[in-house]
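Here is what each chain is made of, one letter per residue.
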Amino acid sequence: MGESKIVELKPIEATPASFQEYGQVIEASPDGAEFGPQDAQLDLTRGIPRFYIMHIEDRPLKFSSITHHASVTQCLGSIGGHVWYLGVAKPSIVDNTEVKDDTGGKINIVQSRCGHFYVPPAVESVRVFRVEGSKFLKINQGTWHAGPLFKGDTMDFYNLELSNTNVVDHTSHNFKRENGVVFLIND
């Protein structure tokens, strides 16, 4: 493929309402508050949870690859509440019992190296969210995500996933290779 097309995306402020199709925005709650729908609704049942701090360097506001995890929810937040961005697309996992090609080739169903089936995300379905302050994002199972991305040279993030998520549950789509597109965040 020749030169890539640049697709500029204007970030959407991450709020519980704006992010609900992709996961949850979790904000501070009073000490002693009981568990409820405002809390992260997690699925960590398929392995050993891993909660750690990621030190990330040089993640400018552009991306051409996007990833999903079919078996786990994931939580990301910046240490210090600094501004960061996350590219997303809705989950597109296909139930194994429904995989049959009766579409006449109109829907591209792919089998991940992890074993599950999915439809690659469409260029026009990609959105970018801006996250600021003392909140974190809970990413639903199967939600495509790119990032975290940020303007500075380095940032630290806390991350909650499974201990082996990036080994056994990591499916990626490369927009540059498959669609000739690179996304640029315009903020």
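All figures in this text were calculated on a predicted structure; none of them were measured in a lab. Throughout, residues of each chain are indexed from 1 in the direction in which the sequence is written. The predicted nature of this model means local features are confined to residues of pLDDT at least 70 and side-chain atom pairs, given and counted, to a pLDDT of 80 or more, with totals for whole chains, interfaces and linings taken over all residues. Neither water nor hydrogens contribute to the side-chain values; these are computed over all heavy atoms in the structure.

### Some details on the pattern of salt bridges
Item 1. Salt bridges are identified by distance alone: a Lys or Arg side-chain nitrogen within 4 Å of an Asp or Glu carboxyl oxygen. In this structure the tally under the stated criterion is 5 salt bridges.
Item 2. Where Glu21 meets Lys90, a salt bridge forms, and the shortest distance between an N and an O atom there is 2.9 Å. Here Glu21 is found in the loop between strand S2 (12–13) and strand S3 (23–27), whereas its partner Lys90 is found in the loop between strand S8 (84–89) and strand S9 (93–94), with 69 residues between them in sequence.
Item 3. Three labels apply to residues, based on accessible area from a 1.4 Å probe with only protein chains included: buried if under 20% of the type maximum, exposed if over 50%, partly exposed otherwise in between. When its relative accessible area of 46% is taken as the criterion, Glu21 is described as partly exposed.
Item 4. Close ionic contact of Glu132 with Arg130 constitutes a salt bridge, the shortest N to O distance being 2.8 Å.
Item 5. Salt bridges sharing common partners tie together Glu13, Arg130, Glu132 and Asp187. Labels follow the DSSP assignment, with helices taken as runs of H or I lasting at least four residues and strands as runs of E lasting at least two, numbered in each case from the N terminus.

### With respect to the sheet that holds strand S10 (residues 110–111)
Item 1. Paired strands are those between which DSSP finds at least two bridges. Reading across from one edge, S9-S11-S10 is the order of the 3 strands in this open sheet, with antiparallel pairing throughout. Taken across any chain shown, the strands that pair with only one partner, and hence form the sheet edges, are S9 and S10.

### Section: the packing of aromatic side chains
Item 1. A pair of Phe, Tyr and Trp rings is counted when the ring centres sit within 6.5 Å of each other, with Trp represented by its six-membered ring. The angle between the planes then sorts it: under 30 degrees is stacked, over 60 is edge-to-face, the rest tilted. Tallied over the entire structure, the rule returns 10 aromatic pairs.
Item 2. Ring plane angle 75 degrees and centroid distance 6.1 Å describe the contact between Phe136 and Tyr158, whose orientation is recorded as edge-to-face. Residue Phe136 is located in strand S13 (residues 135–139), and its partner Tyr158 is located in strand S15 (residues 154–162); the two are separated by 22 residues in the primary sequence.
Item 3. On the accessibility criterion, Phe136 (19% relative accessible area) is buried.
Item 4. Judged by relative accessible area, Tyr158 falls into the partly exposed class, the value being 22%.

Read these as geometric descriptors, not functional statements.
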